[in-house]
Structure formats: structure tokens, C-alpha cells
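Close look at the chain arrangement
Residue strings, one per chain:
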Amino acid sequence: MNLVVQGEDVDSVALKNLAKLCGASAIEQITPEAFRLLATTRSEQIASLCAEAQLDWAWVPNGRKLADFGLFVTDMDSTLINIECIDEIADMQGLKAEVAAITEAAMRGEIDFRESLKRRVALLAGLPESALGEVYERRLQLNPGAERLMRGLKAAGIHTVLVSGGFTYFTERLKVRLGFDEAHANVLEVRDGRLTGHVVGPIVDGDAKAAHLRRTRERLGLRPDQVIAAGDGANDIPMLTEAGFGVAYRAKPILRDATDCRLDHVGLDGVLNLFR
């Protein structure tokens with residue numbers, strides 16, 4: 001087993017201390033920001049030492065390459081992009097604080113996601129559909145490394161899926177923009193150019209995300225260990241549990257211990273460094 005560590009500024013002293021702690025046979029530089037410690041032994045002290053040095057880390061089997069995977073599935077809000085779209089839409093109604101509080105509680109796992117979504121969407125009733133466009137154009141930004149990650153995944157021939165408890169207005173645009181093979185999300189009902197406060201069709205929650213992953217994996221004839229999934233909140237846990245390798249990006253505490261890798265310091269393209 002190898003230990004891959006990465007950060008914006010990798011301190012050489014911390015790197016050597018990590019190598020000593022886990023009995024690494026050698027240190028390989030992957031990029032200026034990423035290093036591979038070879039033939040390591042797991043240690044419970046790794047997490048605290050990396051946290052102190054502001055380093056992200058993950059145990060990776062020796063020889064594991066990106067081409068060994070066939071499917072990548074990711075959440076959208078606060079994972080692929082920098083915002084929770086529904087919070088920003090609510091801001092158009094002067095209700096951001098109220099909606100954001102419900103969003104945060106749901107992401108921490110304190111409120112059932114389906115119930116939280118219905119409550120939040122109901123508050124959007126009467127808002128013009130054009131508000132969605134304003135959020136996409138003026139407020140939505142990709143999280144660091146998103147474009148580079150997608151280029152790397154596509155170059156490796158990996159099937160990519162964007163699945164979100166958010167809304168198709170945004171996932172469909174990001175699908176085209178970043179080249180996802182598939183996108184799945186909730187549909188906001190619009191009548192006479194205004195949001196009705198309801199969603200159309202089945203709600204995409206944590207279980208639905210996991211189901212999309214399973215169906216795609218089975219359709220492609222892949223094993224669970226050939227799947228990478230990324231998320232940030234409680235409703236991503238079922239999906240990440242279905243994947244062979246789970247990535248927590250700037251994640252809520254409830255998700256952090258349910259994954260194989262936590263990216264708290266580097267961008268999403270840090271995923272690529274794990275399997276070079």
C-alpha cells in the first residue's frame with residue numbers, strides 16, 4: 001500500500017516525518033504539490049500529522065492507475081461547483097438565510113433530504129424562471145481543478161456522471177460545459193414563466209443517487225472497485241458507499257469518515273494525482 005499526500009505547499013520536514021511514521025521505503029514526487037510514499041504501513045497518526053501540515057492524504061494500492069477505473073460519479077452543489085444553487089435562488093426572494101439553514105441541516109444529516117427539499121422549493125414559489133439564469137451566469141463557479149479533472153477522466157476513457165439533489169437547469173448546462181456523459185437531477189416546475197414551488201417527478205435524494213450509480217455501473221459491466229464517486233454531504237453517503245473509491249471534497253463531518261480520500265486543501269484534480 002502506498003500513501004499519497006498533497007497540498008498547496010508540501011513541507012519537506014513533514015513529508016520526511018510521514019515517511020518515517022509509516023515506514024516508507026522511498027518517496028516519489030508526482031507533481032510539485034503531490035508525493036507518493038512507497039510500501040507504507042498504515043498508522044492512525046497519519047491523519048493528525050497531515051492535518052497539522054495542511055496536507056490531503058489517501059492510501060492507494062501499489063500500481064493502481066486511473067485507467068483501472070471505468071466510471072466517475074459526482075455530486076454538483078458544493079462539490080463540483082462553489083455554491084448551493086437553491087440557496088442562491090432563494091436569495092432572489094430575500095430568503096437565503098432561511099433556505100440556507102435548511103440546506104445546511106440536511107447536509108449534516110439532521111433533516112431528511114426529501115422533506116428539506118420540499119420545504120426549500122416551496123419557498124421559491126412565484127420567483128421568475130429568469131432568476132435561475134442569473135444564478136448560473138453570475139454566481140455559479142466551478143470549484144478549483146474541476147475542468148482539469150474532467151479532462152483527465154475523459155482522456156482515460158472513463159464514463160462520467162453528474163448526479164445531484166439540485167436542479168436540471170444547472171446540471172444540463174454543466175453537462176455540456178464539462179462534457180459529462182450523463183446528468184441526473186430534480187426538475188423544478190415552471191408555470192407561466194414562474195416557479196410554482198414544486199418539483200416534477202421523483203425526487204433525486206441520496207438513495208436515488210446511489211441507484212443511478214448502480215444502474216450505470218451494471219450497464220457498463222463494471223465492478224464496484226472500478227468506480228470513483230465524489231461528494232460533500234450526508235445525502236452523498238449512499239452513493240459513495242456504492243463506489244470502490246470515495247472522495248470527500250470540502251466535506252461535512254458526517255461524510256468525512258465514510259470515504260477513502262478527503263480533499264480539504266487541493267482542488268478536485270487532486271483525484272488524478274492519486275492514480276498516476
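Data block above holds the structure.
Now for a look at the structure at hand. No experiment lies behind these values; they were computed from the predicted model shown. (Residues numbered from 1 in each chain as written. Predicted model: local features only at pLDDT ≥ 70, side-chain atom pairs only at ≥ 80, totals over all residues. Heavy atoms only, no water.)

Before going further, it helps to spend a moment on the overall build of the chain. Each helix and strand in the chain was counted, giving 12 helices and 11 strands. The C-alpha atoms of the chain give a radius of gyration of 19 Å, which matches the 19 Å a tight globule of 276 residues would have. When its C-alpha atoms are laid out on the principal axes, the chain stretches across 65 × 40 × 30 Å. The buried share of the chain, reckoned over its 276 residues, is 53%. Taking all contacts inside the chain whose residues are at least 6 apart in sequence as the whole, residues at least 24 apart take part in 64%. Accessible surface, the chain as shown: approximately 12000 Å² in total, 46% of it carbon and sulfur. One finds the centroid of the 33 positive side-chain charges in the chain at a distance of 3 Å from the centroid of its 40 negative side-chain charges. (Helix = DSSP H or I, 4+ residues; strand = E, 2+ residues; numbered from the N terminus. Rg over C-alpha atoms; globule rule 2.2 N^0.38 Å. Buried < 20%, exposed > 50% of the residue type's maximum accessible area, 1.4 Å probe, protein only. Contact = heavy atoms within 4.5 Å. Areas by Shrake-Rupley, 256 points an atom, 1.4 Å probe, with all protein chains shown as cover. Lys, Arg positive; Asp, Glu negative; His and termini not counted. Charge placed at Lys NZ, Arg CZ, Asp CG, Glu CD.)

Let us look at the sheet that holds strand 5 (residues 71-74). One key point about sheets: their strands pair by backbone hydrogen bonds, in either a parallel or an antiparallel sense. Overall, mixed pairing links the seven strands, which are arranged 8-7-6-5-9-10-11 in an open sheet. In the strand order of this sheet, the two ends are held by strand 8 (194-200) and strand 11 (261-263), each with one partner. Adjacent strand axes in the sheet meet at a mean angle of 25° when their direction is disregarded. Sheet topology note: the strand 5/strand 9 (residues 227-231) ladder contains four bridges and is parallel. (Pairing = 2+ DSSP bridges. Axes fitted to C-alpha atoms, helices over the stretch in contact; angles between N-to-C directions.)

Time to look at the packing of aromatic side chains. This structure, assessed with the given rule, holds four aromatic pairs. Note on tyrosine 169 and phenylalanine 170: the rings are 5.2 Å apart at their centroids and 70° apart in plane angle, and the pair reads as edge-to-face. Residue phenylalanine 170 is classed as buried on the basis of its relative accessible area, which comes to 0%. Aromatic side chains phenylalanine 245 and phenylalanine 275 sit 5.1 Å apart centroid to centroid with 80° between the ring planes, which places their arrangement in the edge-to-face category. With a gap of 30 residues between them, phenylalanine 245 in strand 10 (residues 245-249) and phenylalanine 275 in the segment after helix 12 (270-274) connect regions that are remote in the sequence. Overall, phenylalanine 275 belongs to the buried group, its relative accessible area being 3%. An aromatic cluster of three or more residues is present, and its members are Phe69, Phe245 and Phe275. We note arginine 173 situated over the ring of tyrosine 169; from NZ or CZ to the ring centre the distance is 3.6 Å. (Phe/Tyr/Trp six-rings, centres within 6.5 Å; stacked < 30°, edge-to-face > 60°. Lys NZ or Arg CZ within 6 Å of the ring centre and 35° of its normal.)

Positionally, arginine 217 belongs in helix 9 (residues 206-220). Accessibility expressed as a relative area gives 9% for arginine 217, which makes it buried. Setting aside residues up to four positions removed in sequence, arginine 217 forms contacts with Leu71, Leu222, Arg223, Pro224, Val227 and Glu242.

Glancing now at the pairing of strand 5. Judged by which residues are buried, strand 5 turns out to be covered on both faces: Leu71 and Val73 on one side and Phe72 and Thr74 on the other are all buried. Of the pairings in the sheet, the one linking strand 5 to strand 6 (residues 159-167) comprises four bridges and is parallel in character. Opposite valine 73, over in strand 6, you have valine 161 as the bridge partner.

Right, let's talk about the pattern of salt bridges for a bit. Under the counting rule described, the total for this entry stands at 21 salt bridges. Measuring nitrogen to oxygen at the nearest pair gives 2.8 Å for the salt bridge that ties glutamate 110 to arginine 108. On the basis of relative accessibility, which here comes to 53%, the residue glutamate 110 falls in the exposed class. Taking the relative accessible area as the measure of exposure, arginine 108 reaches 34% and is therefore partly exposed. The residue arginine 138 makes a salt bridge to glutamate 134 at a minimum N-O spacing of 3.5 Å. You can see arginine 138 and its partner glutamate 134 sitting in helix 6 (residues 130-138), four residues apart, about one turn around the helix. Among the charged side chains, a network of salt bridges with common partners joins Glu88, Asp91, Lys96 and Arg139. (Salt bridge = Lys/Arg side-chain N within 4 Å of Asp/Glu carboxyl O.)

Ala146, Leu149, Met150, Gly152 and Leu153 are the residues of helix 7 (residues 146-155) that are buried. Burial along helix 7 is one-sided: seen end-on, the buried residues are contained in an arc of 165°. Away from its buried face by more than 90 degrees, helix 7 exposes Arg151 and Ala155. Taken together, the buried residues of helix 7 touch strand 5, strand 6, helix 8 (168-178) and helix 12. The first or second residue beyond helix 7 is glycine 157, which carries a positive phi of 75°. (Arc of directions from axis to C-beta.)

As a further point, take the sheet that holds strand 4 (residues 56-60). If you walk across this open sheet you meet the four strands as 2-3-1-4, and the pairing is antiparallel. The open sheet terminates on both sides in strands that have one partner only, identified here as strand 2 (26-31) and strand 4. Strand-to-strand twist across the sheet, computed as the mean angle between neighbouring axes with direction ignored, equals 20°.

Distances and angles like these do not, on their own, reveal function.
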